[in-house]
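Results of the structural survey
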Amino acid sequence: MFTGIIEELGEIVAFEQAGDAWRLTVRGPIAVSDAGHGDSIAVNGLCLTVVEQTADAFTADVMQISVDMSTLADRRAGDRVNLERAAALGSRLGGHIVQGHIDGTARVLSVADGDGQRTIRFALDPALAHLVVRKGSIAVDGVSLTVSAVSGADEAEQWFEVSLIPETLVATTLGSLAAGDRANLETDIVARHVERMLQREGR
């Protein structure tokens, strides 16, 4: 379990296929400072398990389905990634409850700079549109954000917007996003549970 508050910008050291899966090595001194074998670290919003580590890096096995559902296939050695260690019981929940189980990716439609903020509009899979609400929580590349605007239900293309403060632009990879880029997306777990309960009740 994570909170979506990024602790460190890590760097991909290697990403190589290993049989039916992949092996990802990321440099992140803060992330590994108290990590052990089997611990969870979120990489751009993907919950991964530490299988090897050094003083400043860790390696995780990644299943093919995770590669297919995420932007990992776009990443190369030297790319920066958002890192967050699993939340500790008793710590402050600065963001929102993030599982590290993404729903897929979202494509950037536009980026607009304003007075002290940057607004990014993402295309939204119609299958997820009912789970994204204005002023609700959403995780983009593992970053806990508040949805600032959403498309109308009758619009041809579904979208949502987030407004980023300067700190978020500097402390995460979101500051480098441009139109056409993809980011990992995780909708709010509370919304997903409500959806499931309504389905079971036949609504």
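Along each chain, numbering runs from 1 in the same order as the chain's sequence is written. Predicted model: local features are reported for residues with pLDDT of at least 70 only, side-chain atom pairs are reported and counted for 80 or more only, and whole-chain, interface and lining totals are derived from all residues. The basis for every side-chain value is the complete set of heavy atoms in the structure, and neither hydrogens nor water enter the calculation.

Take the overall build of the protein chain next. Helix and strand definitions here come from DSSP, where helices need a minimum of 4 consecutive H or I residues and strands a minimum of 2 consecutive E residues; each element is numbered from the N-terminal end. Helix and strand content of the protein chain: four helices and twelve strands. Values of the radius of gyration come from C-alpha atoms, whereas the globule rule sets the reference at 2.2 Å times the count of residues to the power 0.38. Whereas a compact globule of 203 residues would reach a radius of gyration of roughly 17 Å, the protein chain reaches 17 Å, a difference of no more than 12%. Counting only C-alpha atoms, the protein chain reaches 50 × 45 × 40 Å along its principal axes. A total of 203 residues make up the protein chain; the buried ones form 43% of that total. Per element, the accessible surface of the protein chain, about 10,500 Å² overall, is 51% carbon and sulfur. Distance between charge centres in the protein chain, computed from 17 positive and 29 negative side chains, equals 4 Å. Under the scheme applied here, a residue whose accessible area is under 20% of the maximum for its type counts as buried, over 50% as exposed, and between as partly exposed, the area being computed with a 1.4 Å probe on protein chains only. Per-residue and other accessible areas follow the Shrake-Rupley method at a 1.4 Å probe size, with only the shown protein chains counted as cover for residues. Positive charge is attributed to Lys and Arg, negative charge to Asp and Glu, and no charge count is given to His or to the chain ends. Where a charge lies is defined by one atom per residue type, namely NZ (Lys), CZ (Arg), CG (Asp) and CD (Glu).

Spatial ordering of the closed barrel is given by β1-β2-β5-β4-β3-β6, a layout of six strands whose pairing is antiparallel. Across the sheet, the mean angle separating the axes of adjacent strands is 45 degrees when strand polarity is ignored. Two strands qualify as a pair provided DSSP detects at least 2 bridges between them. Relative to strand β6 (residues 80-85), strand β3 (residues 40-43) is paired through three bridges, and the arrangement is antiparallel. Of the residues in β6, the one forming a bridge with A42 is E84. Whenever a helix is involved, its axis is fitted only over the stretch in contact; in every case the axis is a line through C-alpha atoms, and angles between N-to-C directions fall within 0 to 180 degrees.

Judged by nonpolar contacts, the single largest core of 23 residues is most densely connected at F122, I138, V140, L145, F160, V162 and L185. Broken down by secondary-structure element, the contributors of at least two residues to this core are β7 (104-113), β8 (118-123), β9 (137-140), β10 (143-150), β11 (159-164) and β12 (182-187). Note on definitions: a residue-residue contact is assigned when non-hydrogen atoms from the two residues lie within 4.5 Å. Those residues in contact with V140 that sit more than four places away from it in its chain are F122, L145, F160, L174, A183, N184 and L185. Definition used in this section: a nonpolar core is a set of buried Ala, Val, Leu, Ile, Met, Phe, Trp, Tyr and Cys residues joined via side-chain atoms within 4.5 Å. Counting residues in each nonpolar core, the second largest holds 21 residues, with I12, L46, V67 and V81 among its members.

Read around the closed barrel, the six strands follow the order β7-β8-β11-β10-β9-β12; overall the barrel is antiparallel. On average, adjacent strands in this sheet sit at an angle of 45 degrees to one another, irrespective of strand direction. Pairing analysis gives three bridges linking β10 to β11, with the strands arranged antiparallel. By the bridge assignment, A149 is partnered in β11 with E161.

On the surface, M1, L93 and I97 cluster together into a nonpolar patch covering about 300 Å² of accessible area. By the element assignment, I97 lies in the loop between β6 and β7. I97 sits in the partly exposed class, given a relative accessible area of 39%. Residues enter a patch when their relative accessible area is above 30% and they make no salt bridge; the linking distance is 9 Å between like charges and 5 Å between nonpolar side chains (Val, Leu, Ile, Met, Phe, Trp, Tyr). Salt bridges are counted wherever a side-chain nitrogen of Lys or Arg sits within 4 Å of a carboxyl oxygen of Asp or Glu.

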